[in-house]
Amino acid sequence: MERARRLIGLQEIEEQAYTGKKIGIALFDTGIAAGHPDFRGDGKIAVFKDFINNKQGAYDDNGHGTFITGVCCGNGALSGGKYSGVAPQANIISLKALNGLGEASADKILNAMEWIYNNYKQYNIKVVCMSFGSEPLGINDPIMAGAEALWQEGIVV
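Residues numbered from 1 in each chain as written. Predicted model: local features only at pLDDT ≥ 70, side-chain atom pairs only at ≥ 80, totals over all residues. Heavy atoms only, no water.

Caption draft 1: Molecular detail of the pattern of salt bridges. Taken as a whole and assessed by the stated rule, the structure comprises one salt bridge. Between Lys96 and Asp61 there is a salt bridge, with its nearest N and O atoms 2.7 Å apart. Here Asp61 lies in the loop between β2 (45–50) and α3 (64–73) and Lys96 lies in strand β3 (residues 91–96), a separation of 35 residues in the sequence. By relative accessible area, Lys96 is classed as buried at 0%. Looking at Asp61, the relative accessible area reads 38%, which means it is partly exposed. (Salt bridge = Lys/Arg side-chain N within 4 Å of Asp/Glu carboxyl O. Helix = DSSP H or I, 4+ residues; strand = E, 2+ residues; numbered from the N terminus. Buried < 20%, exposed > 50% of the residue type's maximum accessible area, 1.4 Å probe, protein only.)

Caption draft 2: Representation of the packing of aromatic side chains. In the structure shown here, the tally under the stated rule is three aromatic pairs. Arranged with centres 5.8 Å apart and planes meeting at 25 degrees, the rings of Trp115 and Tyr123 form a pair that is stacked. Given a relative accessible area of 25%, Tyr123 falls into the partly exposed group. The cationic tip of Lys49 hangs over the ring face of Phe51; the distance from NZ or CZ to the ring centre is 5.4 Å. One cation-aromatic arrangement involves Lys55 over Tyr59; the distance from NZ or CZ to the ring centre is 4.6 Å. (Phe/Tyr/Trp six-rings, centres within 6.5 Å; stacked < 30°, edge-to-face > 60°. Lys NZ or Arg CZ within 6 Å of the ring centre and 35° of its normal.)

Caption draft 3: Here's a closer look at helix α5 (residues 142–152). Buried within α5 we find Ile143, Gly146, Ala147 and Leu150. End-on view of α5: buried residues confined to an arc of 95 degrees, all on one side of the axis. Turning to α5, the residues buried within the fold contact α4 (106–119) and β4 (125–130). Taking the backbone nitrogen of Ile143 as reference, a side-chain oxygen 2.8 Å away marks Asp141 as the first, capping residue of α5. Just downstream of α5 lies Gly154, where phi reads positive at about 90 degrees. (Arc of directions from axis to C-beta. Contact = heavy atoms within 4.5 Å. Polar contact = N/O pair within 3.5 Å; in protein donor to acceptor, adjacent residues only side chain to side chain.)

Caption draft 4: Representation of unusual backbone geometry within the structure. Of note in the backbone geometry, Asn54 takes a positive phi value of approximately 60 degrees without being a glycine. Relative to the helices and strands, Asn54 is located in the loop between β2 and α3. By relative accessible area, Asn54 is classed as exposed at 60%. Positive phi, normally seen in glycine, also occurs at Asn124, with a value near 50 degrees.

Caption draft 5: Spatial organisation of α3. Of all the 10 residues making up α3, seven are buried; the element is thus mostly covered by neighbouring parts of the structure. Residues of α3 that are buried make contact with β1 (24–29), β3 and β4.

Caption draft 6: The arrangement of the environment of Ala145 in detail. For Ala145, the position within the fold is in helix α5. Residue Ala145 is classed as partly exposed on the basis of its relative accessible area of 47%. The sequence separation of Ala145 and Leu110 amounts to 35 residues, and the corresponding C-alpha distance is 9.6 Å.

Caption draft 7: Highlighting the nonpolar core. One finds Phe28, Leu95, Met113, Trp115, Ile116, Ile125 and Val128 to be the most contacted residues of the largest nonpolar core, which totals 21 residues. Mapped by element, the contributors of at least two residues to this core are β1, β3, α4, β4 and α5. Looking at this core element by element, the count peaks at five residues for α4. What Met113 contacts, discounting residues up to four positions off in sequence, is Phe28, Met130, Ile143, Gly146, Ala147 and Leu150. Of all hydrophobic cores here, the second largest spans 13 residues; its members include Leu27, Phe39, Cys72 and Ala90. (Core = buried A, V, L, I, M, F, W, Y, C linked by side-chain atoms within 4.5 Å.)

Caption draft 8: Structural view of a nonpolar patch on the surface. On the surface, Trp151, Val156 and Val157 cluster together into a nonpolar patch covering about 280 Å² of accessible area. Positionally, Val157 belongs in the segment after α5. Taking relative accessible area as the criterion, Val157 reaches 41% and is therefore assigned partly exposed. (Patch = residues over 30% accessible without salt bridge, like charges linked within 9 Å, V, L, I, M, F, W, Y side chains within 5 Å. Areas by Shrake-Rupley, 256 points an atom, 1.4 Å probe, with all protein chains shown as cover.)

Structural data, given as structure tokens:
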């Protein structure tokens, strides 16, 4: 993380004291390992919603979601702050829309996007991280349309 911080010029942002405090970051991924020390704290994980298996408790059956959440919002507790995320005080909205193989169907992604659209004000979601890839279907791609709808609400996607 310290190398990545230098590479993307994060020092300037950190000097301005942008920490993500009171901001919600929604992450579409494979879930989150809730017991990880970097995600502990009063309300740090504001929401966990499972669009794959409909389980109630937070989990990550792949590891990618936990990694990406750490990069975005980990508080760095395990490393004494050395490896904190870009927005270490942000609240985590973990949306498990990818299965244990890191795969997802368009309907699961669209369901998660709809959930964000209906709940972004309640959780002050300002950023949506969708670290998955797919080939756009063109101008009528429903995932692109969903991302555009979130963008129109002022959410960085």
